[in-house]
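So the chains spell out like this:
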Amino acid sequence: MLGLDLLVGAAAYICAKRKDFSPVILWVAVCVVVWPCLIVLEVCRSQAAEKRPLKPVEYFGLAAAVIVLAFPSVVLHLMAYKP
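Because the structure is predicted, anything quoted here is derived from the model rather than measured.

### A closer look at the pattern of salt bridges
- Applying the stated criterion across every chain yields a total of two salt bridges.
- Among the salt bridges present, the one from Arg18 reaches Glu42, with a minimum N-O distance of 2.6 Å. Placement of Arg18 in helix H1 (residues 2–18) and of Glu42 in helix H3 (residues 37–43) is noted, with a sequence separation of 24 residues between them. Each member of the pair Arg18 and Glu42 is classed as buried.
- A salt bridge links Arg18 to Glu58; the shortest N-O distance between them is 3.0 Å. Here Arg18, found in helix H1, pairs with Glu58, found in helix H4 (residues 56–70); they are 40 residues apart in sequence, far enough to count as distant.
- Overall, the relative accessible area of 11% leaves Arg18 in the buried class.
- Residues joined in a network through salt bridges with shared partners are Arg18, Glu42 and Glu58.

Here you go:
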């Protein structure tokens, strides 16, 4: 789960920097704790015109957030898994 948290955090950081949202670290913290917030962050319009497309890490972070919403039982199973 730590790897997915890092992925979502990196995606949130890149997205917040790309859209000039501040404070960036607050957006990252919220998105790591509540993954679906990354979807909200991505959908929100920025005041400045966006000049570049999404990076691959942003796509993977969004995919992780969508999986959390679509398949909560899988996520709960992963959280309870102890190797």
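### A look at the confidence of the model for the protein chain
- Mean pLDDT for the protein chain: 84, with 93% of residues reaching 70 or above.
- Helix H5 (residues 72–80) is the least confidently modelled element of the protein chain, averaging 73 in pLDDT, while helix H2 (residues 24–33) averages 91, the highest of any element.

### Considerations on the side chain of Glu58
- Glu58 sits in the buried class, given a relative accessible area of 1%.
- A polar side-chain atom of Glu58 sits 3.0 Å from a polar atom in the side chain of Arg18.

Cut-offs applied
Numbering of residues begins from 1 in every chain and follows the order in which that chain's sequence is written. Per-residue local features are limited, in this predicted model, to residues with pLDDT of at least 70; the limit for side-chain atom pairs, both in listing and counting, is 80 or more; totals at the level of whole chains, interfaces and linings are taken over all residues. With hydrogens and water stripped out, all remaining heavy atoms of the structure feed into the side-chain values. Salt bridges are defined by distance alone: a side-chain nitrogen of Lys or Arg within 4 Å of a carboxyl oxygen of Asp or Glu. By definition, any uninterrupted DSSP run of H or I lasting at least four residues is a helix, any uninterrupted run of E lasting at least two residues is a strand, and each is numbered from the N terminus. The rule is simple: take the accessible area with a 1.4 Å probe, protein chains only, and divide by the maximum for that residue type; under 20% is buried, over 50% is exposed, in between is partly exposed. Think of pLDDT as the predictor's per-residue confidence, scored from 0 to 100. Here a polar contact is recorded for every N or O atom pair within 3.5 Å, except that within protein the pair must consist of a potential hydrogen donor and a potential acceptor, and residues adjacent in sequence are included only if both atoms are side-chain atoms.

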